[in-house]
Structure formats: structure tokens, C-alpha cells
Amino acid sequence: MTVAFLFELISLFTAIFCYKDLKATKMVFFIPFLLLTCVIEFIGYLSILYAVREQNYWIYNVFTTCEFTFYAYLFMHNFKLPFLRKVAFFFIPLIIVFSITNFIFLQGTDHFHTYTILFGSFFIVLFCCCYFYEWILPEQINQNLLKQPFFWVCVGLLLFYLGSVIINALFEYLRSSDMEKEGRHIYGLINRSLIVILYSSFSISFILCRNNRKISSLPS
Amino acid sequence: MPKQQEDFLITIVIASVFFVLIGIFLMILVFYFLRRQRKNRMEKEDMRNRFEQTLLNTQLEIQEHTFNYISQEIHDNIGQILSLVRINMNVLSEKFGEDNFDTTDELLGKAIRDLRNLSHNLNSNRLKEIGIVEGLRSLIIQLDKTEKYTTEFISPENALSFMNNDHCLILYRMVQEVIHNILKHANATHIVLEIKPKGNISYFVTITDNGKGFDMKALQGQNTGIGLQNIFSRAKLINATVKVNSKEGEGTSIIFEITNQKSIK
């Protein structure tokens, strides 16, 4: 079991622990999402363990689409500007259509869908930047950004998808026969490091939901 | 592994780290920008508060000048004239011996006393001479003399000694305003003014009446009258807090909390 998987589990348990505080927000959907993530990672781990390597691509291909859909849903509910909400809303069918198109016409069933990942990464990074932009607007000035749970989700997503652009773009090359061992090592190293950052930031946001609820329930 | 491939892999790692650093840099920029904006907003708010305070100080100064002028005119001019009228009336009463002169003399005497009290109330120099506690006590005594109200004045000796003359005057005017409101609106028969210490650095000045009271919701938003607005703005000047407690049919209590700012620093 890798360190990255451990962080995913910690994030899941943190979400479950903070369930009462997440219940009032859309962040509660992180619980089934993280559960799915851990299941997928476990299946992926088992497939490596039993040397069935090629077969886990399709799981991650489907899961990636679900991931982007989930993140777009969260952004849709956290954006304040109506225009950005609409963009996030329309991204959901767009990524599904792109994913299906990629599956049927482009990378098919035997390859890791890097095109979908890069397409989705671009939008997620864009959404993160838009979220930060909303915070620069004068109406938000008096609020503390560090105490906003979704800010930490954005931090994780931004760093994860920015950091993984290169390795996903060069995935096929890294996996090619002349680079297989070192390429896999580098891909795994970078990917796992970024996963640690991503799921740590998720955990921080769950804990902040709990703290914010405690503060708001104190008598004034 | 060939060197070219090694270099390529290193480039990939560096490029990935570079992108992550861009993300971190972006976040730092956002933080820095937000901090600057918040600081600017606070400075703007501070300047606005200082301007409002200066404006209010000027208004109060003008008001006090006017009061002092009127006080002097009453003392030097009107009061003297009425005293002369009284003297002439006494001379006439000796000549003609009419009973009506006694009533007229009494009325004149009351007018002179009322004018003297009014002059004293308007004159800020008198407060400097006698001190805030005596000033407040004399306000209550004047009410008592009207025989329309029963009053109580409770205060320890040397209360509010940390206040300078200007702050004493502002507090005095605030209490005058409160009493003026009670006389005008409350239909009260009993008024209590109490000065109570809170620890070593604060005092509560409480004015309570047994009048008809009012609905506290009337104080919200723009519904506060000019008198109360004056009280709140003057309280800000002397860093005092104002608390109003009232219930319809159960009287009103207005509490000023005045803190010794030097002790806090």
C-alpha cells in the first residue's frame, strides 16, 4: 500500500468523522466520492498485485470522467458569479461527451485516456483561477480566505492538475518500451506526490467545515 | 539508461515542479492582493472615522461657544434686568401696598432663579469649577426642586476622576439630553442617576426612570431620534458605550460605560 493510498484513506475517514458538519454543504458528497476513489485505487492495487496491469486502464478512464464531473458540480455550487456557474454546469455534459468521443474515436479501450485528463485538467485549473478571481472582487474582501473550506479544495486541485499536466501529456512516451522502467518510476513518483497534496488539502477543508460550524454555533 | 533519456526525465520532473510552483505563486499573489486591499479598506475606514470625529468635535465646540454666549447674556443682561424689575416692584408695593405685588414678586423670583439655573447649565466653565459629579448632582437637585419628580443620586466620591474637562462636558451634555428626553416623553415621576465603578478602570453612569418606556425595536435602523443619535455620536467621542434598556410600561434605563483609556494602554 502506497503513501498516496494512505492519504486517500485518511481523507475519507476525516470526511466521515466530519459528516455532521459536511451535511449542510455540498461537501458531503465527498464521502461517496472518496469511497469510490479508495475502491478504485484498491482494485488498481490488486490488479498490480496479481499482475493484471493492462486491465485497470478502463477503470481509471471511467473514474477520471466521474472525477471531473464531481469537481465541476462542486465548482457550480461554490461559484458566486452566475456566468461561472453556467460554465461549470455546461462543462459536465461537455466532459462526458468528450470522454465518450475519446473512447470511441481516439484513444479507445486499450490506452489511458490522457486526452480526457488534459482536457479536464485545463478546465479544472481554469475553474480554480476563476474561484480565486471571485475572491479578489470587493464584495469578498472582509472574509478570511484561509478559513473557507472550498479554498483548500481549490488549492489541492490547482496544484494537482498543474503538476500532472506534463506527465499526463507525455504518458505514452514514459510508458514506451525504451523508457518503461524509469518512466513508470517518474510517473508514479510525481503522481503520488501530487495525490498526497490533493488529499491533504481535502482533509484540511473537511476539518475547516467542522471548525466553522463550531464557531457559528457559539453563543454571541 | 541513455543520457538523453535521463535528461528528458529530469526535464519532466523539473517542468512538473515548475508548474506546481506557478500554482503556489498564483496563490501567494492572491493572498498578497487581498491583504493589501483589506489594509486599504481599513485605512479608508479609519480616515472616515477620524473625519467624522473632527467634524463632531467642531460642531460641539461651536455649540458650547453658543451656549456660553447665551449663558453670559442671560446672566449679564436678562437676569440683571429682571432683578431691577423686582427691585422696582418692591418699591411700588411699599407705595401702593397691593397684594398682587406678592404674587408678581414670587413669579419674578422664580423667573430669576430659573434663568440662573439655565445660565449655569449652559455655562461649561462652571462644570470645570465644580467637577462632573457635582455637576450631575446639581442636575438632579434641580429636578427635585421642581417637585414634579422624586430623584436619587448615587455616586462614590472621586468618581470619574480620570476624565478630562472636555470629556466631562460631553458626558454632562449626554446626561442632560437623557434627562431632557425623560421630561419630554417619559411621563415619569421618579428618576435615579447612579455612578457605579466597574473594576478599577471603568464606571457605569445609569439614568433610570419609572416612565412609560418604549418598544426597543423603535431604536433599530433609521428610527432613532436626533437626541439619541447625538448621544451615540458623543459617546463615540469619549470612547464610551451606550446601552438602552426599555420596556413599554416598565420605564427606561440608559447606561453609559466610560473606561479609563490610559489604564487600558
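Before reading on, note that the structure itself is shown above.
Residues numbered from 1 in each chain as written. Chains lettered and ligands numbered in written order. Predicted model: local features only at pLDDT ≥ 70, side-chain atom pairs only at ≥ 80, totals over all residues. Heavy atoms only, no water.

Peer 1: Even after reading the chapter, I still don't get the overall build of chain A, so can you show me in this structure?
Peer 2: When helices and strands are counted, chain A shows nine helices and zero strands. For chain A, the N- to C-terminal ordering of α and β elements is α-α-α-α-α-α-α-α-α. When burial is assessed residue by residue, chain A has 49% of its 220 residues classed as buried. Carbon together with sulfur atoms contributes 70% to the accessible area of chain A, which is approximately 11200 Å² in total. (Helix = DSSP H or I, 4+ residues; strand = E, 2+ residues; numbered from the N terminus. Buried < 20%, exposed > 50% of the residue type's maximum accessible area, 1.4 Å probe, protein only. Areas by Shrake-Rupley, 256 points an atom, 1.4 Å probe, with all protein chains shown as cover.)

Peer 1: Looking at this model, I keep getting lost on the environment of B:Gly131. Mind explaining?
Peer 2: Assignment of secondary structure puts B:Gly131 in the loop between helix H3 (124–130) and helix H4 (132–145). A C-alpha to C-alpha distance of 9.5 Å links B:Gly131 and B:Asn158, two positions 27 residues apart in sequence.

Peer 1: Would you mind going over the pairing of strand S1 (residues 150–154) of chain B with me for this structure?
Peer 2: The two faces of a sheet get side chains in turn, since along a regular strand they alternate between them. Residues and elements named next belong to chain B. Side chains Thr151 and Phe153 project from S1 onto a buried face, and the interleaved Thr150, Glu152 and Ile154 project onto a face without burial. Across five bridges, the pairing between S1 and strand S2 (residues 190–198) is parallel. Looking at the pairing, threonine 150 lines up with histidine 190 of S2. Handedness of the β-α-β unit built from S1, helix H5 (residues 165–186) and S2 comes out left-handed. (Pairing = 2+ DSSP bridges. Right-handed = clockwise from strand over helix to strand, strands pointing away.)

Peer 1: Please explain the packing of helix H4 (residues 57–78) of chain A against helix H5 (residues 82–106) of chain A as it appears in this structure.
Peer 2: Working note: a packed helix pair is described by the angle between its axes plus the distance between those axes. Residues and elements named next belong to chain A. Where H4 meets H5, the closest approach of the two axes is 8 Å, and the angle between their N-to-C directions is 170°. The pairing of H4 with H5 is recorded here as roughly antiparallel in orientation. Here H4 contributes Thr65, Phe68, Thr69, Ala72, Tyr73, Phe75, Met76 and His77 to the contact with H5, which in turn contributes Arg85, Ala88, Phe89, Phe91, Ile92, Ile95, Ile96 and Ser99. Tallied by class, the residues present in the contact of H4 with H5 amount to 11 nonpolar, four polar and one charged. (Axes fitted to C-alpha atoms, helices over the stretch in contact; angles between N-to-C directions. Parallel < 35°, antiparallel > 145°, perpendicular 65-115°, else oblique. Contact = heavy atoms within 4.5 Å. Nonpolar A, V, L, I, M, F, W, Y, C, P; charged D, E, K, R; others polar.)

Peer 1: Which parts of the structure should I look at to understand the interface of chain A and chain B?
Peer 2: Accessible area lost when the parts come together is the quantity often used to give the size of an interface. Taken together, the 29 residues of chain A in the interface contact 21 residues of chain B. Of the roughly 2300 Å² buried between chain A and chain B, counting both surfaces, carbon and sulfur atoms make up 81%. Where chain A meets chain B, there are zero salt bridges. Linking chain A with chain B are one residue pair in polar contact (both at pLDDT 80 or more), by the criterion used here. Elements that contribute at least two residues to the side of chain A that touches chain B include exactly helix H6 (114–136), helix H7 (149–169), helix H8 (171–174) and helix H9 (180–216) of chain A. Counting residues per element, the side of chain A that touches chain B draws most heavily on H7(A), which supplies eight residues. (Buried area = accessible area lost by both parts, 1.4 Å probe. Salt bridge = Lys/Arg side-chain N within 4 Å of Asp/Glu carboxyl O. Polar contact = N/O pair within 3.5 Å; in protein donor to acceptor, adjacent residues only side chain to side chain.)

Peer 1: Help me understand the packing of aromatic side chains in this model?
Peer 2: All names here are of chain A. A complete count under the given rule lists 35 aromatic pairs over all chains for this structure. Ring geometry for phenylalanine 33 versus tyrosine 71: centroids 5.5 Å apart, planes at 65°, classification edge-to-face. Taken together, the residues span a long stretch of sequence, with phenylalanine 33 in helix H3 (residues 30–49) and tyrosine 71 in helix H4 at a distance of 38 residues. Each member of the pair phenylalanine 33 and tyrosine 71 is classed as buried. (Phe/Tyr/Trp six-rings, centres within 6.5 Å; stacked < 30°, edge-to-face > 60°.)

Peer 1: Looking at this structure, I do not really get the pairing of S2(B). What am I missing?
Peer 2: Residues and elements named next belong to chain B. The pairing of S2 with strand S3 (residues 202–209) spans eight bridges and is antiparallel. Along S3, the bridge assignment pairs leucine 193 with isoleucine 207. Between S2 and S3, which follow one another and run antiparallel, lie three residues, and glycine 199 among them has a positive phi close to 65°.

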